[in-house]
Amino acid sequence: MSRTRIDLSKVAMERATSTTRASSGDEIWASLRQGGQELVEKEPLMGGFVYATILNQPTFERALAFLVASKIANATILQGQWNDLIMEALNATNEEGNRVQNGPGTGSISEAAREDLKAIVERDPACPSYTHAFCFFKGFQGLQAQRVSHWLWGHHRKVLACKMQSLVSEVFNMDLHPAAKFGRGIMIDHGHGVVVGETAVVDDGCTLLHGVTLGGTGKVRGDRHPKLGKRVVVGSNASVLGNITVGHDCKIGAGAALMHDLPPNTTVVGHKGRVVTKKTMSKL
Ligand SMILES: CC(=O)SCCNC(=O)CCNC(=O)[C@H](O)C(C)(C)COP(=O)(O)OP(=O)(O)OC[C@H]1O[C@@H](n2cnc3c(N)ncnc32)[C@H](O)[C@@H]1OP(=O)(O)O
Ligand SMILES: N[C@@H](CO)C(=O)O
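Residues numbered from 1 in each chain as written. Chains lettered and ligands numbered in written order. Predicted model: local features only at pLDDT ≥ 70, side-chain atom pairs only at ≥ 80, totals over all residues. Heavy atoms only, no water.

A.B. asks: I'd like a description of the state of the cysteines, backed by residues and values.
C.D. replies: Going through the model one piece at a time under the given rule, you end up with 0 disulfides. Not part of a disulfide, Cys206 finds its nearest cysteine sulfur in Cys250, a span of 9.8 Å. For Cys206, a relative accessible area of 0% gives the class buried. A relative accessible area of 0% places Cys250 in the buried class. (Disulfide = S-S within 2.5 Å. Buried < 20%, exposed > 50% of the residue type's maximum accessible area, 1.4 Å probe, protein only.)

A.B. asks: Residues and numbers for the site of ligand 1, please.
C.D. replies: Taken together, 13 residues sit near ligand 1, with Gly235, Ser236, Gly253, Ala254 and Thr277 positioned nearest. Between Ser236 and ligand 1, the recorded distance is 2.7 Å, taken from a backbone N or O atom to an oxygen atom. In this structure, an oxygen atom belonging to ligand 1 sits 2.8 Å away from a main-chain N or O atom of Ala254. Alone, ligand 1 offers 970 Å² of accessible surface; in the complex the protein occludes 45% of this. The set of elements that each furnish at least two residues to the shell around ligand 1 consists of β14 (267-269) and β15 (274-277). Here the shell around ligand 1 takes 3 residues from β15, the largest share from any one element. The residue makeup of the shell around ligand 1, split by class, is 4 nonpolar, 7 polar and 2 charged. (Near = heavy atom within 4 Å. Polar contact = N/O pair within 3.5 Å; in protein donor to acceptor, adjacent residues only side chain to side chain. Areas by Shrake-Rupley, 256 points an atom, 1.4 Å probe, with all protein chains shown as cover. Helix = DSSP H or I, 4+ residues; strand = E, 2+ residues; numbered from the N terminus. Nonpolar A, V, L, I, M, F, W, Y, C, P; charged D, E, K, R; others polar.)

A.B. asks: Please provide a residue-by-residue account of the sheet that holds strand β9 (residues 233-234), values included.
C.D. replies: Taken in spatial order, the 6 strands make up an open sheet running β3-β6-β9-β12-β14-β15, and their pairing is mixed. Because the sheet does not close on itself, it has two edges, and the strands there are β3 (187-188) and β15. As paired strands, β9 and strand β12 (residues 251-252) are joined by 2 bridges and run parallel to one another. Within β12, the residue paired with Val233 across the bridge is Lys251. (Pairing = 2+ DSSP bridges.)

A.B. asks: Can you lay out the sheet that holds strand β1 (residues 175-176) for me, pointing to particular residues and giving the numbers?
C.D. replies: Strand order in this open sheet of 5 strands is β1-β4-β7-β10-β13, and the pairing throughout is parallel. Every other strand in the sheet has two partners, leaving β1 and β13 (257-258) as the edge strands with one partner each. Alignment of strand β4 (residues 195-196) against strand β7 (residues 213-215), held across 2 bridges, turns out to be parallel. The partner of Val196 across the bridge, within β7, is Leu214.

This is how it looks when you write it as structure tokens:
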């Protein structure tokens, strides 16, 4: 049986931190709760999940921790144990001084999660609300688990970070290395079959569709994975390989294979990474 210990004095402190943070945080949490109520009214069968995950939780952070923990828990590391660990990462990255983002892979995990939810609602025509993305989108859920595993990786807990990676891969069918650095406002749409390697960097505002590989060429060791600038879109089943730099606002077409640097605002398609346009038009 799962075990979730909640220390009420800690929760009061978390609540205080939560409310003194950017108002956008409160806005997302309020919207998640409102959306949760509506879900239960429309579909009472969802009650157990929605109450446990959102409506019975005191803060956005607690809800996020519960959600991720409930997905990756199994008989050997229990839900309550994951829950505590995830809360440790969320609280640590929310502390003064750690909160500010200083490049991909840094800053508050829960602020990054909020930005991810905004990105999904903004860019995915199939997503009606923050609640929908939070409850149902494994691309969002798996990315939040990676954010926690990245924190563990940076805090000398690599074994646990790798265990998390392995569980996320089993549960969500997406393999995101704990050392990879993700910015904020990232949308991993569908999530299925996405693989991101150890030395990859995905800057703020990027979109990865299903089947995307940010991988190595298989010919070198060390720093061997792509670096995506801000707002890059990588279409479904595209492979971006090698330690290459993809400039801000580039688009990589579905099914493309890209193995060379791209200047900002470039669109490429096909297995040779053919440049087709330098305009960025659609949201996706
Ligand atoms: C359930 C779901 O919906 S999953 C969603 C999956 N969707 C994706 O992954 C979207 C990825 N987006 C794409 O691949 C888009 O086609 C983009 C971003 C490449 C389009 O970029 P644009 O600059 O608008 O290109 P545009 O549509 O004008 O096409 C330019 C040329 O590239 C070709 N082209 C466009 N996309 C691709 C592609 N993925 N592969 C090969 N050729 C392509 C076009 O046929 C056209 O060829 P032509 O010049 O010979 O006529
Ligand atoms: N989620 C995107 C791509 O599948 C859409 O619905 O268009």
